[in-house]
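The lines below spell out each chain.
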Amino acid sequence: MVAESDGWPGALGAVGGELWWTEPRPAEGGRRALIRRREDDTTESVLAPPWNPRNRVHEYGGRPWAGAMREDGPLVVFTNFADQRLYRFEPDGGGEPVPLTPEPPVPAGLRFCEPVIVERFGEVWAVMEEFTGERPTDLRRVLAAVPLDGSAAADRSRIRELTDGSYRFLTGPKLSPGEESVGYIAWNHPQMPWDGTDLRIAEINPAGELWVDRRIAGGPGISIAQVEIGGNEGAAGIYYSSDKTGWWNLYWHDWYDNSSGTLVKAEEEFAGPMWTLGSRWFLPIPRPGVHNAFAVIHGKGESRLSLYGDGTQERRPVEGPWTDWLGGLCVIGDKVYGLAASPASGYELVEVDSRTGEGRVIANAHHDKVDPAYYPVPEHRTFEGPGGREIHAHVYPPRNPGFEGPEGERPPYVVWVHGGPTSSVRAVLDMELAYFTSRGIGVVEVNYGGSTGYGREYRERLRERWGEVDVEDCAAVARALAAEGTADPARLAIRGGSAGGWTAAASLTSEATQGVYACAVVKYPILDLSGWTGNGTHDFESQYVYSLVGPPEVLEERSIERSPVHHAERIEVPFLLLQGLEDAICPPEQAEKLLRAVEGRGVPHAYRTYAGEQHGFRQASTIVDSVLAEHALYAQVFAFPGPDFTLELQS
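I'm lost on the packing of aromatic side chains in this one. Help?
The geometry of an aromatic ring pair comes down to the distance between the two centres and the angle between the two planes. This model, assessed by the stated rule, comprises 29 aromatic pairs. With 6.1 Å between their ring centres and 80° between their planes, Y60 and F540 make a pair best called edge-to-face. Within this pair, whereas Y60 is found in the loop between β4 (43–45) and β5 (65–70), its partner F540 is found in the loop between β36 (519–523) and α5 (544–548), the two being separated by 480 residues in sequence. Looking at Y60, the relative accessible area reads 25%, which means it is partly exposed. Measuring from centroid to centroid gives 4.6 Å for W194 and W275, while their planes differ by 40°, and the two rings are tilted.

Now the structure itself:
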């Protein structure tokens, strides 16, 4: 059940008056399907296996498809995961997808993301990532124009480059309704997109070239997270999110007179970290007679969808049971589409009438496969950390209608650490979390200092202190739960994946947290900071560690101080290490360093690897195995009956 519910729809988009999106298929090797919803509300999958609309630009990928409605039916352009090439597909024509880009010299080394069909020039414009060598940093990125006629599939020179390569990173192009101007966001190392980005706007000349390309907002210390052009009556409008006040708020800029101003200002976030390309936290709603009408996702810690319009600061919340909305909006006419969830439901595809504010589920509807009495119920808590700083967390006590804990016995608790680390965790239904809470294991999800959703000041607590603030905050929450009698102090555990795997492992080797945890689960982790720069990881995060830990002149010293591989002698409790063998972000070499460091030290541990898995697990068989292995570890360490699963701990 956990495996079946893994993932949710994404990449919502309009093809004429139709809504299209992608959906996960864990049972089909983790591929994603492309779904079409016709105007009569019927849905169908338009790409048969093994086609997989997904890309690896920045390794995390982003929006993989674009579409346009023509007289003879829809035209779709998508990136296929296996080879990363662009393809065109006409589902009503009965044929197979046709490649638009060539096979590159480096396998899967010519990648595209955030495509948009530009009818004016018969092209598709997108971010192009081209590898020039075998190392992960041997690459370049530009905005590129690919002919829709397929001529570039055999001739790389037919791909036109729209930008000059002066930026290391770019988002996809956002075109004005008349395809006369374009906006995009760009930045360079060592900045991450939540540190500082440039918003650039250019005109498009008759030859399809960008000219008068200029920066209009952003810069060092200011993060622009999204840009949109036009969309409202009478507006020469450029709309964007910026955190120049310390919060991602909304602003406007007039193309013609170069004036600008604030659209929405509040101590809330109206955007989020740009881990993938193509997120949409706000969108204009075209409406006759209304200058500015928008759908906006906003909040502090959690997010909700509101409707905004008529130039006022008032926002009308959307009606419904949902407490969290993902940054993936789509607008078709008066309808707004998004992905929303709550503690009682996973992410559903919701249609909102922008005039009435009423919402209804149209796809991926949640159905209770078990009695909701088994679902964990979050308690939103704020804990006190070192120096009196606030730490936000969601506490999920064990919950099972058929059982109660033994009288006088406090339950075990596991601290769940989110990845990123510039990210956050939301209080929505997670069947994997429910798996553990229904078996008597409490869970607390910690939005430690450095998490998003609480403004720039909160997320910059982690600056140069990764491996300290995150470790301290998680331990402070665990200790507080034990001190108040919620959790058994002898049965505390910590688990996390990616950056969360780093924090979980560092929590076992930090002198400040010795003795807090009885065991740990570490998934696809970073474990040696000095090996996580340059060609030791992928290009997107190859200099991320400079802001998280420190610049090159202090990095080696701090890496030795904080990295778990350098302090393996401090690990005294059992741990489980889970790793995808094709992970380019946190490669297996990171995990293997820790294994060598603990070899022969008498620390019980297990290492499970998964072929075909990248960063994060997508295959149903992997998800099942990893959940059962984690449950088996807790059963052995906490001394209760476990699953029918053999987990051999080596010393």
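Which parts of the structure should I look at to understand the pairing of strand β38 (residues 605–610)?
Moving residue by residue along a regular strand, the side chains alternate between the two faces of the sheet. Two elements, strand β37 (residues 575–580) and β38, share six bridges in a ladder whose sense is parallel. From the neighbouring strand, L576 faces β38, where its bridge partner is A606.

Would you mind going over the layout of surface pockets with me for this structure?
Using a probe with the size of a water molecule, rolled over the atoms, empty space left in the structure can be pinpointed. In this structure, the second largest pocket spans a volume of roughly 1,100 Å³. For the second largest pocket, the lining is made up of 32 residues, of which A14, V116, L175, E228 and R280 are closest to its centre. Elements that contribute at least two residues to the lining of the second largest pocket include exactly β1 (10–15), β5, β9 (110–118), β14 (174–175), β18 (224–229), β22 (282–284) and β27 (330–332). A per-class count over the lining of the second largest pocket returns 19 nonpolar, seven polar and six charged.

Honestly, the pattern of salt bridges in this entry has me stumped. Any pointers?
Charged atoms that come close allow side chains of opposite charge to pair. Per the counting criterion, the structure on display carries 53 salt bridges. In this structure, R160 and E123 form a salt bridge, with 2.9 Å as the shortest nitrogen-oxygen distance. Placement of R160 in strand β12 (residues 160–161) and of E123 in strand β10 (residues 123–131) is noted, with a sequence separation of 37 residues between them. On the basis of relative accessibility, which here comes to 23%, the residue R160 falls in the partly exposed class. A salt bridge links E460 to R456; its shortest N-O distance comes to 2.7 Å. Exposure remark for E460: the relative accessible area of 29% places this residue in the partly exposed category.

Looking at this structure, how should I read the sheet that holds strand β7 (residues 86–89)?
Strand order in this open sheet of four strands is β5-β6-β7-β8, and the pairing throughout is antiparallel. The sheet terminates laterally at β5 and β8 (98–99), the two strands that pair on one side only. In this structure, strand β6 (residues 73–79) lies alongside β7, joined through four bridges in antiparallel fashion. Note that in β7 the partner of T79 across the bridge is L86.

Thresholds applied
- Residues numbered from 1 in each chain as written.
- Predicted model: local features only at pLDDT ≥ 70, side-chain atom pairs only at ≥ 80, totals over all residues.
- Heavy atoms only, no water.
- Phe/Tyr/Trp six-rings, centres within 6.5 Å; stacked < 30°, edge-to-face > 60°.
- Helix = DSSP H or I, 4+ residues; strand = E, 2+ residues; numbered from the N terminus.
- Buried < 20%, exposed > 50% of the residue type's maximum accessible area, 1.4 Å probe, protein only.
- Pairing = 2+ DSSP bridges.
- 1 Å grid on protein atoms, 1.4 Å probe; cavity = no way out; pocket = protein on both sides within 12 Å on 5 of 7 lines; lining within 4 Å.
- Points joined across faces, edges and corners; volume = space filled by probe spheres on them.
- Nonpolar A, V, L, I, M, F, W, Y, C, P; charged D, E, K, R; others polar.
- Salt bridge = Lys/Arg side-chain N within 4 Å of Asp/Glu carboxyl O.

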